[in-house]
Amino acid sequence: MKKILIIEDEESIRMALEDDFLLEGYEVAIAANGIDGLSMADDPEIDLIILDIMLPGMNGFEICKALRSKNNQTPIIMLTAKGQEIDRVVGLEIGADDYITKPFSPRELQARVKSIFRRIEATSEVNIKDVFFFKGLKVDFKQYECYKNDEKINLTLHEFELLKYLIRNRGRVINRDELLDEVWGKDVIVSPRTVDTHVANLRKKIEKGPENPQLIISIRGRGYKISSG
Ligand code: CA
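The rules behind each value
- Residues numbered from 1 in each chain as written.
- Predicted model: local features only at pLDDT ≥ 70, side-chain atom pairs only at ≥ 80, totals over all residues.
- Heavy atoms only, no water.
- Helix = DSSP H or I, 4+ residues; strand = E, 2+ residues; numbered from the N terminus.
- Buried < 20%, exposed > 50% of the residue type's maximum accessible area, 1.4 Å probe, protein only.
- Contact = heavy atoms within 4.5 Å.
- Pairing = 2+ DSSP bridges.
- Core = buried A, V, L, I, M, F, W, Y, C linked by side-chain atoms within 4.5 Å.

A. Representation of the environment of P192 within the structure. With respect to the secondary-structure elements, P192 resides in helix α8 (residues 192–206). With relative accessibility at 38%, the residue P192 sits in the partly exposed group. Residues P192 and L179, 13 residues apart in the sequence, show an inter-C-alpha distance of 8.9 Å. Setting aside residues up to four positions removed in sequence, P192 forms contacts with R176 and L180.

Below you can see the structure in the form of structure tokens.
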């Protein structure tokens, strides 16, 4: 069960938020001032923080900054007052994940919360494996290193990114346009032949026999995929 910390000094808002989150099936912790909020935010069980800006003791910006500076990355949604556009900008700059303007509808807030949790789940799936092993190949996504039979191979950044994208999407054929967009970027104008050239170079470095590739497979007329077997 996910646990939400609500840091809000106005009792009526705090209680309404608490009710909404309990109804949605969350566990809830509450703090009525900034100092308490900051210390409660360190609880590793907290999955998300609803943080008001105007608070006695320590304001929401200070709390957000303090948490991020000690590398607490718990998602934060800031509550900003109507018309204070500047709060929103500052909030996002100092590391809040989202903001919502008072008065807000409970539904809107719940939607924002769910969207943050969805985003986190999507990224953590991708990050499950930082190191990929396959047929004598070891790719370390964190260190940006690649080994073939324990021997380090030097890949260019594009070769590495290309390999990484293919591995992250293994099980599916990826066409050249997608590879261009994802590896080279949508704004860069390069010909689809660039992909082929890089795949050829990559094969020379990582395949046992580049003429008979076992790792990066070409699917005629469709694109490339990483071998699954
Ligand atoms: Ca307040």
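Still to come is the rest of the account.
B. The pairing of strand β6 (residues 131–134), seen in detail. In β6, alternate side chains face the same way, and those of F132 and F134 are buried while those of V131 and F133 on the opposite face are not. With four bridges joining them, β6 and strand β7 (residues 137–140) adopt antiparallel strand pairing. Looking across to β7, one finds that F134 is bridged to L137. Taken together, β6 and the strand that follows it, β7, pair antiparallel across an intervening segment of two residues, in which K135 is found at a positive phi of about 45°.

C. Just the nonpolar core, in detail. By size, the foremost hydrophobic cluster in this structure holds 27 residues, and its most contacted members are V139, L163, L179, I206 and I216. Where this core is concerned, the elements lending two or more residues are β6, β7, α6 (157–168), α7 (176–184), α8 and β11 (223–226). At six residues, the largest contribution of residues to this core is made by α6. Excluding residues within four positions of it along the chain, I216 makes contact with L166, V199, L202, R203, I206, E207, Y224, K225 and I226. With 21 residues, the next largest nonpolar core counts A41, L55, A66 and L67 among its residues.

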